[in-house]
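Structure at a glance
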Amino acid sequence: MSGETRPGKPGRRRFLAGILGGAVAGAGGLAVWNTRRAKPPSEKGHDMNPRLFSFLGGDAGPWSVLEMKVIAGDGLPDVKRVDLINGPALTDATRWTLRGVTSNERYATRKEKDLLVAKQQGLGRPEATRAALIPIRKSAKWWALTQDERRAVLEDRSKHVQIGLDYLPAVARRLHHCRDLREAEPFDFLTWFEYAPADVSAFDDLVAKLRATEEWKYVDREVDIRLERAGA
Ligand code: HEM
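Predicted model only: the values in this text are computed from it and were never measured. (Residues numbered from 1 in each chain as written. Predicted model: local features only at pLDDT ≥ 70, side-chain atom pairs only at ≥ 80, totals over all residues. Heavy atoms only, no water.)

**A closer look at the site of the ligand**
- For the ligand, the set of nearby residues contains 25 residues, the closest of which are Arg106, Tyr107, Ala108, Lys138 and His160.
- Within the backbone of arginine 106, an N or O atom sits 2.6 Å from an oxygen atom of the ligand.
- Separating an oxygen atom of the ligand from a backbone N or O atom of alanine 108 is a distance of 2.8 Å.
- A majority-of-atoms criterion places the ligand in the largest pocket.
- Elements represented by at least two residues in the shell around the ligand include exactly strand 5 (130–138), helix 6 (160–165), strand 6 (172–177), strand 7 (189–195) and helix 7 (200–211).
- Looking at the shell around the ligand element by element, the count peaks at 4 residues for helix 6.
- Across the shell around the ligand, the residue classes tally to 17 nonpolar, 3 polar and 5 charged. (Near = heavy atom within 4 Å. Polar contact = N/O pair within 3.5 Å; in protein donor to acceptor, adjacent residues only side chain to side chain. 1 Å grid on protein atoms, 1.4 Å probe; cavity = no way out; pocket = protein on both sides within 12 Å on 5 of 7 lines; lining within 4 Å. Sits in = over half its atoms within 2 Å of the grid points. Helix = DSSP H or I, 4+ residues; strand = E, 2+ residues; numbered from the N terminus. Nonpolar A, V, L, I, M, F, W, Y, C, P; charged D, E, K, R; others polar.)

**Considering the nonpolar core**
- In terms of nonpolar packing, the biggest core is built from 18 residues, with Leu76, Val82, Trp96, Leu133, Ile225 and Leu227 touching the most fellow members.
- Counting 15 residues, the second largest nonpolar core, distinct from the first, contains Ile163, Phe203, Val207 and Trp216. (Core = buried A, V, L, I, M, F, W, Y, C linked by side-chain atoms within 4.5 Å. Buried < 20%, exposed > 50% of the residue type's maximum accessible area, 1.4 Å probe, protein only.)

**Section: the layout of surface pockets**
- Taken as a whole, the largest pocket encloses approximately 1200 Å³ of empty space.
- Around the largest pocket, the lining comprises 50 residues; the ones closest to its centre are His160, Arg173, Arg174, Leu175 and Thr191.
- Elements supplying a minimum of two residues to the lining of the largest pocket: helix 3 (110–119), strand 5, helix 4 (140–144), helix 5 (147–157), helix 6, strand 6, strand 7 and helix 7.
- For the lining of the largest pocket, the residue count by class is 26 nonpolar, 11 polar and 13 charged. (Points joined across faces, edges and corners; volume = space filled by probe spheres on them.)

**Considering the confidence of the model for the protein**
- When pLDDT is averaged along the protein, the result is 84; 80% of the residues meet or exceed 70.
- Counting interchain partners and residues more than four positions distant, the pLDDT-below-50 stretch residues 1–43 has 43 contacts. (pLDDT = per-residue confidence, 0-100. Contact = heavy atoms within 4.5 Å.)

**With respect to the packing of aromatic side chains**
- Under the defined criterion, the tally for this structure stands at 6 aromatic pairs.
- When the centroid spacing of 5.4 Å and the interplanar angle of 80° are considered together, the rings of tryptophan 63 and tryptophan 192 count as edge-to-face. Here the residue tryptophan 63 occupies a position in strand 2 (residues 63–72), and tryptophan 192 occupies one in strand 7, the gap between them amounting to 129 residues. Taken as a pair, tryptophan 63 and tryptophan 192 share a single burial class, namely buried.
- Centroid distance phenylalanine 193 to phenylalanine 203: 5.2 Å. Interplanar angle 50°. Geometry classified as tilted. Here phenylalanine 193 is found in strand 7, whereas its partner phenylalanine 203 is found in helix 7, with 10 residues between them in sequence. The same class applies to phenylalanine 193 as to phenylalanine 203, namely buried.
- Joined through ring pairs, the aromatic side chains of Phe55, Trp63 and Trp192 make up one cluster. (Phe/Tyr/Trp six-rings, centres within 6.5 Å; stacked < 30°, edge-to-face > 60°.)

Here it is, written out as structure tokens:
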């Protein structure tokens, strides 16, 4: 259904071009730009998806890497700094670039959403000088489940939201979906968290609790990157 093209409606190619903007270098990306409808990358601002975020690992950027740990599957090349851009990465002077888009919620109930909104803080708080970028991939077994089966694992049996709520407002977060760009992205999710130095051990407790749940049995690739705002 998602791949259907109807007359007068934006087709899948256009949809992808809109989502990707100029993010993808190489043959795949150029093929998108060569379509009649897509704007070339030089026309910045057009067809740019405001929900697209890029994480650039390299020697530049406001976040210094304190530690990179492989939790499951393949790791990522070591880097000194991470840059976070709202939009496509316009440079390839980095060791790796990870991309994802923010999206609507898929699992949280109205009651949970109201609790989250009442308690959560936004990113960018001056005191939140520590951060974690945790890219995660889930197994084919997870993606073969139905929506109700996934919700049963994530919340009924693993209490992901209930556990997470205990760590608000100290931890601010943003979830980026990679499968919405294309299935071949190296991770399914890029999770981003910001907190104050005083909350480092609380954040460690939180990830330990989540990793002990049934949900994490479906995680087949995970890298835990801890960061400090440069100059903090
Ligand atoms: C700060 C406390 C946290 C809260 C309040 C929280 C809350 C949530 C909520 C509400 C969702 C579901 C969104 C939806 O309905 O689609 C979610 C999804 C997710 N969270 Fe958390 N979370 C927290 C911490 C974490 C941590 C520390 C990690 C990683 C170590 C993590 C990884 C994920 C992932 C990968 C998803 C996507 C799951 C999926 O769609 O399969 N979360 N989180």
